[in-house]
Amino acid sequence: MFRPGYIQPLHGIRTKTKWYGAMYAVMAPLYPIWKRLLPKYVTTTECVGRAMLNVARRGAPKRLLENQDINGLCS
């Protein structure tokens, strides 16, 4: 099970929820700061996707994957 924290959308991905869209617009410029200060709690859509593919191919070290685990699996 994947339990990400904050996910920064990349490559033109947009939410259909207007409220989330507004929040992402505010948070996007702050993402580099969040990533530096709170790396355990933030990730990107690209990293989540890569981690999912890696887990499907090779499995995962544990059943519950939190943000830090997801970021470790996306490379």
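This structure is a prediction, so every number in the text was calculated from the model and none was measured.

**Q** Could you clarify how one ought to interpret the side chain of T44 in this entry?
**A** Within the secondary structure, T44 is located in strand β3 (residues 42-44). Looking at T44, its side chain comes within polar contact range of the main-chain nitrogen of C47, at 3.0 Å. Every residue in contact with T44, bar those within four places of it in the chain, is listed here: I7, Q8, L10 and Y31.

**Q** Help me understand the packing of aromatic side chains in this model?
**A** For any pair of aromatic rings, geometry is given as the distance between the ring centres together with the angle between the planes. Across all of its chains, the model carries 2 aromatic pairs by this definition. Taking the centre distance of 5.8 Å and the plane angle of 50° together, the rings of Y6 and Y24 count as tilted. Of this pair, Y6 sits in strand β2 (residues 6-8) while Y24 sits in helix α1 (residues 18-27), and the two are 18 residues apart along the sequence. The exposure class of Y6 is buried, given its relative accessible area of 19%. Centre to centre, the rings of W19 and Y20 are 5.8 Å apart; their planes meet at 55°, and the pair counts as tilted. Its relative accessible area of 58% is what places W19 among the exposed residues.

Thresholds, definitions, all that
- Residues numbered from 1 in each chain as written.
- Predicted model: local features only at pLDDT ≥ 70, side-chain atom pairs only at ≥ 80, totals over all residues.
- Heavy atoms only, no water.
- Helix = DSSP H or I, 4+ residues; strand = E, 2+ residues; numbered from the N terminus.
- Polar contact = N/O pair within 3.5 Å; in protein donor to acceptor, adjacent residues only side chain to side chain.
- Contact = heavy atoms within 4.5 Å.
- Phe/Tyr/Trp six-rings, centres within 6.5 Å; stacked < 30°, edge-to-face > 60°.
- Buried < 20%, exposed > 50% of the residue type's maximum accessible area, 1.4 Å probe, protein only.

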